[in-house]
Amino acid sequence: AQSVTQPDIHITVSEGASLELRCNYSYGATPYLFWYVQSPGQGLQLLLKYFSGDTLVQGIKGFEAEFKRSQSSFNLRKPSVHWSDAAEYFCAVGPSGYSTLTFGKGTMLLVSP
Amino acid sequence: AAGVIQSPRHLIKEKRETATLKCYPIPRHDTVYWYQQGPGQDPQFLISFYEKMQSDKGSIPDRFSAQQFSDYHSELNMSSLELGDSALYFCASSLKSNSYNEQFFGPGTRLTVL
């Protein structure tokens with residue numbers, strides 16, 4: 001069965017500092033990987049996705065993620081965090097084709113002035 | 001661009017009452033998914049439909065049922081509500097011919113059971 005682990009429940013980053021959110025997945029074949037962001041009380045917004053090809057993918061709002069098959073990881077990065085980035089971030093995995101997504105438990109990002 | 005629409009956005013019910021949540025997928029999307037997100041939890045898959053037929057089933061209680069209609073909108077019916085049903089319910093839609101499984105999420109319906 002597929003699973004996703006986000007080892008950090010909370011992360012605090014100073015505004016302007018770089019950010020890396022960790023995501024490890026378990027899946028038998030090449031997975032389709034996603035990062036979603038959720039502001040308090042809001043829906044899930046897709047930041048970026050990986051299907052195949054270049055292992056470094058660019059997303060919206062200046063985010064990027066790198067797929068590392070050898071480490072079963074798909075970490076999210078941003079070079080300079082803005083206060084508006086404070087939110088909860090979910091990593092998700094899904095097999096190819098139409099199917100359900102399995103989410104990690106989420107990482108809450110706090111941005112300090 | 002049109003997005004997934006969910007209604008109502010907020011719903012307050014008493015224990016043992018029933019609730020109906022509606023989801024209108026992105027135009028031309030043929031697949032609908034329902035997820036439940038409890039307080040402080042990650043979204044959990046409940047059920048999905050493709051072309052009006054149930055296609056996958058997750059951790060959906062027997063008290064819940066859902067269907068997809070001819071216009072592709074979907075409704076999640078919840079009966080005998082319990083306090084533990086209080087959660088944010090997301091609907092997502094996708095196009096099955098899009099083999100990349102990209103699901104687009106609605107804003108969610110926040111259900112509070114008192």
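Before reading on, note that the structure itself is shown above.
Residues numbered from 1 in each chain as written. Chains lettered and ligands numbered in written order. Predicted model: local features only at pLDDT ≥ 70, side-chain atom pairs only at ≥ 80, totals over all residues. Heavy atoms only, no water.

Points about the overall build of chain A
Note the cut-off: Secondary structure follows DSSP: runs of H or I at least 4 residues long count as helices, runs of E at least 2 residues long count as strands, and numbering of each begins at the N terminus. The quantity called the radius of gyration is restricted to C-alpha atoms. Its globule counterpart is 2.2 Å times the number of residues to the power 0.38. Type-normalised accessible area, obtained with a 1.4 Å probe on protein chains alone, sets the label of each residue: buried when under 20%, exposed when over 50%, and partly exposed for intermediate values. Contacts were defined at the residue level, with two residues in contact if any of their heavy atoms lie within 4.5 Å. Under this rule, positive means Lys or Arg and negative means Asp or Glu; His and the chain ends count for nothing. Working definition for charges: the position is that of NZ of Lys, CZ of Arg, CG of Asp or CD of Glu.
Scanning chain A for helices and strands turns up zero helices and twelve strands. The N-to-C order of helical and strand elements in chain A reads β-β-β-β-β-β-β-β-β-β-β-β. In terms of overall dimensions, chain A is globule-like: its C-alpha atoms have a radius of gyration of 13 Å, near the 13 Å expected for 113 residues. Principal-axis analysis of the C-alpha atoms gives chain A an extent of 40 × 30 × 20 Å. Split into buried and exposed, the 113 residues of chain A put 50% on the buried side. A separation of at least 24 residues holds for 54% of the contacts in chain A among residues at least 6 apart in sequence. With 8 positive and 8 negative side-chain charges, chain A shows a spacing of 6 Å between the two charge centroids.

Description of the overall build of chain B
Selection rule: Here the open area of atoms and residues is found with the Shrake-Rupley method and a 1.4 Å probe, where only the protein chains shown may cover a residue.
Along chain B, the regular secondary structure elements total zero helices and eleven strands. In sequence order, chain B lays out its α and β elements as β-β-β-β-β-β-β-β-β-β-β. Computed over C-alpha atoms, the radius of gyration of chain B comes to 13 Å, within 12% of the 13 Å expected from 2.2 N^0.38 for 114 residues, which places it in the range of a compact globule. Relative to its 114 residues, chain B shows a buried fraction of 47%. Counting contacts in chain B only where the partners sit at least 6 residues apart, residues at least 24 apart contribute 53% of the total. Carbon and sulfur atoms form 50% of the exposed surface of chain B, whose accessible area is close to 5,400 Å². Put simply, chain B has 11 plus and 12 minus side-chain charges, and the middle of one group is 4 Å from the middle of the other.

Describing the interface of chain B and chain A
We count it as follows: When two components associate, each loses some accessible surface as probed by a 1.4 Å sphere; the sum of these losses over both components is called the buried area. One speaks of a salt bridge when a side-chain nitrogen belonging to Lys or Arg is within 4 Å of a carboxyl oxygen belonging to Asp or Glu. N or O atoms closer than or at 3.5 Å make up a polar contact, with two conditions inside protein: a donor-capable atom paired with an acceptor-capable one, and, for residues adjacent in sequence, both atoms drawn from side chains. Charged means Asp, Glu, Lys or Arg here, nonpolar means Ala, Val, Leu, Ile, Met, Phe, Trp, Tyr, Cys or Pro, and polar covers whatever is left, Gly included.
The interface is formed by 24 residues belonging to chain B together with 23 residues belonging to chain A. The contact between chain B and chain A buries some 2,000 Å² in all, and 55% of this surface belongs to carbon and sulfur atoms. Taken together, the links from chain B to chain A amount to one salt bridge. The tally of links from chain B across to chain A stands at four residue pairs in polar contact (both at pLDDT 80 or more). Those elements that provide at least two residues to the side of chain B that touches chain A are strand S4 (31-37), strand S5 (44-50), strand S6 (53-57) and strand S9 (87-94) of chain B. It is S4(B) that contributes the most residues to the side of chain B that touches chain A, four residues altogether. Residues belonging to the side of chain B that touches chain A are distributed by class as follows: nine nonpolar, ten polar and five charged.

Comments concerning the side chain of B:Gln37
Within the secondary structure layout, B:Gln37 lies in strand S4. Looking at B:Gln37, the relative accessible area reads 6%, which means it is buried. Reaching out from B:Gln37, the side chain makes a polar contact with the backbone oxygen of B:Gln41 at a distance of 2.9 Å. Beyond its immediate chain neighbours, meaning those up to four positions away, B:Gln37 contacts A:Gln38, A:Phe90, B:Asp42, B:Pro43, B:Ala87, B:Leu88 and B:Phe90.

Observations concerning the pairing of strand S11 (residues 109-113) of chain B
All names here are of chain B. The criterion, for reference: Strand pairing follows a simple DSSP-based rule, namely that at least 2 bridges must link the two strands.
Burial of S11 is one-sided: the residues Thr109, Leu111 and Val113 facing one way are buried, the residues Arg110 and Thr112 facing the other way are not. As defined by bridge partners, strand S2 (residues 10-13) adjoins S11 across four bridges and the pair is classed as parallel. Residue pairing in the sheet places Leu11 in a bridge with Leu111 of S11. Across three bridges, S9 lies against S11 in antiparallel orientation. When the sheet's bridge partners are listed, Tyr89 is paired in S11 with Thr109.

Digging into the state of the cysteines
What makes a disulfide is a covalent bond joining the sulfur atoms belonging to two cysteines. All names here are of chain B. Using the following cut-off: Put simply, a disulfide is two cysteine sulfurs that come within 2.5 Å.
Under the defined criterion, the tally for this structure stands at two disulfides over all chains. Residue pairing for Cys23: its cysteine sulfur links by disulfide to Cys91, the two sulfurs lying 1.7 Å apart. Note on the Cys23 and Cys91 pair: the S-S dihedral is about -55 degrees, so by sign convention the disulfide is left-handed. Residue Cys23 is found in strand S3 (residues 19-24), and its partner Cys91 is found in strand S9; the two are separated by 68 residues along the sequence. Each member of the pair Cys23 and Cys91 is classed as buried.

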